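So the chains spell out like this:
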Amino acid sequence: MQNRVWLITGCSSGFGRELALAAVAAGDRVMATARRPETLTGLAEAGQGRITTTALDVTDPDSIAAAVEATLAAYGRIDVLVNNAGSLVLGAVEEFTMSELREQLDVVFFGAAEVTKAVVPLMRTQGSGTIVQMSSIGGRKTYPAFGAYHAAKWALEGFSETLATELAPLGVRVLIVEPGAFRTEFNNNKYVTRELPAYAETAGATRRFTQELTAAEPNDPVKGVAAILAALDSERPPLRLLLGGDAVDGLREHHAALLAEVDEWEHLSRTTAI
Ligand code: NDP
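Residues numbered from 1 in each chain as written. Predicted model: local features only at pLDDT ≥ 70, side-chain atom pairs only at ≥ 80, totals over all residues. Heavy atoms only, no water.

## Observations regarding the overall build of the protein
Rule in force here: Counting from the N terminus, the helices are the DSSP runs of H or I reaching at least four residues and the strands are the DSSP runs of E reaching at least two. Values of the radius of gyration come from C-alpha atoms, whereas the globule rule sets the reference at 2.2 Å times the count of residues to the power 0.38. Burial classes: relative accessible area under 20% of the type maximum marks a residue as buried, over 50% as exposed, and values in between as partly exposed (1.4 Å probe, protein chains only). Any two residues whose heavy atoms approach within 4.5 Å are treated as being in contact. Accessibility throughout is a Shrake-Rupley quantity obtained with a 1.4 Å probe, and a residue counts as covered only by protein chains that appear here. In this tally Asp and Glu are treated as negative and Lys and Arg as positive; neither His nor the chain ends contributes. Each charge is placed at NZ for Lys, CZ for Arg, CG for Asp and CD for Glu.
Regarding its fold elements, the protein presents 8 helices and 9 strands. For 274 residues, the compact-globule estimate of 2.2 N^0.38 gives 19 Å, and the C-alpha radius of gyration of the protein, at 19 Å, lies within 12% of that figure. On the principal axes, the C-alpha backbone points of the protein span a range of 55 × 45 × 35 Å. Every one of the 274 residues in the protein was classed for burial, and the buried ones make up 45%. The long-range fraction of contacts in the protein, counting pairs at least 24 apart against all pairs at least 6 apart in sequence, stands at 70%. For the protein, the exposed area adds up to about 13500 Å²; of that, 55% sits on carbon and sulfur atoms. With 24 positive and 34 negative side-chain charges, the protein shows a spacing of 4 Å between the two charge centroids.

## Quick look at the side chain of S63
Tracing the backbone through its elements, the reader meets S63 in helix α3 (residues 61-75). A residue is classified by how much of its surface remains accessible, and S63, at 12% relative accessible area, is buried. With residues up to four places along the chain from it excluded, the contact list for S63 reads A55, L56 and D57.

## Quick word on the nonpolar core
Within soluble globular proteins, side chains that are nonpolar generally end up buried alongside one another. The criterion, for reference: For our purposes a nonpolar core is just a set of buried Ala, Val, Leu, Ile, Met, Phe, Trp, Tyr and Cys residues, chained together by side-chain atoms within 4.5 Å.
Membership of the largest hydrophobic core comes to 29 residues, with the highest contact counts inside it found for W6, I8, L19, V30, V82, L175 and I228. Going through the elements one at a time, β1 (5-8), α1 (14-25), β2 (29-34), β4 (80-83), β6 (129-134), β7 (172-179), α7 (221-233) and β9 (240-243) are the ones with two or more residues in this core. Of the residues forming this core, the biggest block, 6 residues, is contributed by α1. With residues up to four places along the chain from it excluded, the contact list for V82 reads W6, L7, I8, T9, L19, V132 and M134.

## Quick look at the site of the ligand
Stated formally: Near residues are defined by distance, with any heavy atom within 4 Å of the molecule or strand qualifying the residue. Counted as a polar contact is a pair of N or O atoms within 3.5 Å, where, for protein atoms, one must be capable of donating a hydrogen and the other of accepting one, and residues adjacent in sequence contribute only when both atoms are in side chains. Classification used: nonpolar for Ala, Val, Leu, Ile, Met, Phe, Trp, Tyr, Cys and Pro, charged for Asp, Glu, Lys and Arg, polar for all others including Gly.
Lining the immediate environment of the ligand, one finds 29 residues, of which S12, S13, R35, Y149 and T184 sit closest. A distance of 3.3 Å is found between an oxygen atom of the ligand and a backbone nitrogen or oxygen belonging to G180. Contacts to the ligand include E185, whose backbone N or O atom sits 3.1 Å from an oxygen atom. Those elements giving two or more residues to the shell around the ligand turn out to be α1 and α5 (147-167). Partitioned by chemical class, the residues of the shell around the ligand number 12 nonpolar, 12 polar and 5 charged.

## Things to note about the UniProt feature "domain: Ketoreductase" (unreviewed entry) in the protein
To keep things clear, this is the line we draw: UniProt positions are given in the numbering used here, feature names are shortened, and annotations may be inferred rather than shown by experiment.
Residues given the UniProt feature "domain: Ketoreductase" (unreviewed entry) here are residues 4-185. Between the end C-alpha atoms of residues 4-185 the distance is 27 Å, and the span holds 46% helix and 19% strand.

## Things to note about the pairing of β6
To be explicit about the condition: When DSSP finds two or more bridges between two strands, those strands count as paired.
When you tally the buried positions in β6, you get 6 out of 6 residues, the bulk of the element. Burial along β6 is two-sided: G129, I131 and Q133 and T130, V132 and M134, pointing in opposite directions, are all buried. Strand direction decides the pairing type here: β4 and β6, joined by 4 bridges, are parallel. By the bridge assignment, V80 is partnered in β6 with T130. Where β6 lies against β7, 6 bridges are found, and the strand directions are parallel. Its bridge partner lying in β7, V132 is registered against L175.

## Brief notes about the sheet that holds β6
Formally: Inter-axis angles, ranging from 0 to 180 degrees, are taken between N-to-C directions of lines fitted to C-alpha atoms, where helices are fitted over the stretch in contact.
Pairing within the open sheet is parallel, and its 7 strands lie in the order β3-β2-β1-β4-β6-β7-β9. Because the sheet does not close on itself, it has two edges, and the strands there are β3 (51-55) and β9. Here the strands of the sheet are splayed against their neighbours by 20° on average, with no regard to which way each runs. Relative to β2, β1 runs parallel, the two being bridged by 4 bridges. Its bridge partner lying in β2, L7 is registered against M31. Contacts from helix α4 (residues 98-126) reach β1, β4, β6 and β7 within the one sheet, and its direction differs from that of β4 by about 170°. The strands touched by α5 are β6, β7 and β9; relative to β7, the strand with the most contacts, the crossing angle is about 155°.

## Remarks on the side chain of E217
As for its placement among the helices and strands, E217 is situated in the loop between α6 (203-213) and α7. Within the structure, E217 has its side chain in polar contact with the side chain of N187 (distance 3.3 Å).

## Section: the pattern of salt bridges
Where we set the bar: The rule for a salt bridge is simple: a side-chain nitrogen of Lys or Arg has to be within 4 Å of a carboxyl oxygen of Asp or Glu.
Counted under the stated rule, the structure contains 12 salt bridges. The shortest N-O distance in the salt bridge between E201 and R208 comes to 3.9 Å. Members of the salt-bridge network, linked through shared partners, are R140, E157, E161, E178 and R240.

See the structure below:
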């Protein structure tokens, strides 16, 4: 489809910004949003008149409704919604507080869910559209210190896979994107919880690793968004798209371990029939 209209959350940096630019390069038009819209001035200038900007904080329902209305006022439709906004709360389960856990879910899960629910009725009425959910390899497998983030992304995965089955007969598609480590502001923007000595070798090791990985992430977000556009343009887009060799290797290894455990315990699992 040519000349699509995109609504993208979290465009101040990283994937959101690159997606907006790639959409424009593909001939599409974009409503680029951020919770601090003043961060979008340069992006709008780079948009050759095809990027409009507005405020959207995914934790603020009024700003979600206003941004959807602003998109319809500017362009009359929404063809691609990208739930891209995200943040990272880094700490072991015992280290993070319930309020830190809730904040993580508010942005990554409830925020994406609320924006999705604001746009689904429009796409259903149009009988077309694609909802792109920026999940993560961390939406499929886990690492110490990422418990809050995994809880949010795994919730987003279940929500989105279900949504895909409900919307498919109505002409609306869902694409779940699962990046590995990409060189964006993600690592710089992370929030680190209190640290307990008991977790130095688990959560602490992850904390040290993410610090070393900052600005040394193996994947390029420009190439990542090119892959997302290629998937969207393909004849039969996937439900899930892994991004990065690290994500592919990680998932393959994880699934092999999952299946091996199923095999090992199958004899016991099958003892329950009435
Ligand atoms: P960035 O930190 O560069 O971008 C994150 C964006 O989300 C920023 O624009 C940020 O805005 C925005 N954001 C945070 N909180 C809110 C909020 N309440 N409302 C609206 N926007 C908000 O990281 P990425 O580009 O890498 O992240 C984009 C997505 O990709 C995220 O969902 C992330 O989980 C996912 N991802 C990233 C990976 C990576 O390695 N980079 C790996 C796997 C998944 P602000 O500037 O105001 O903070």
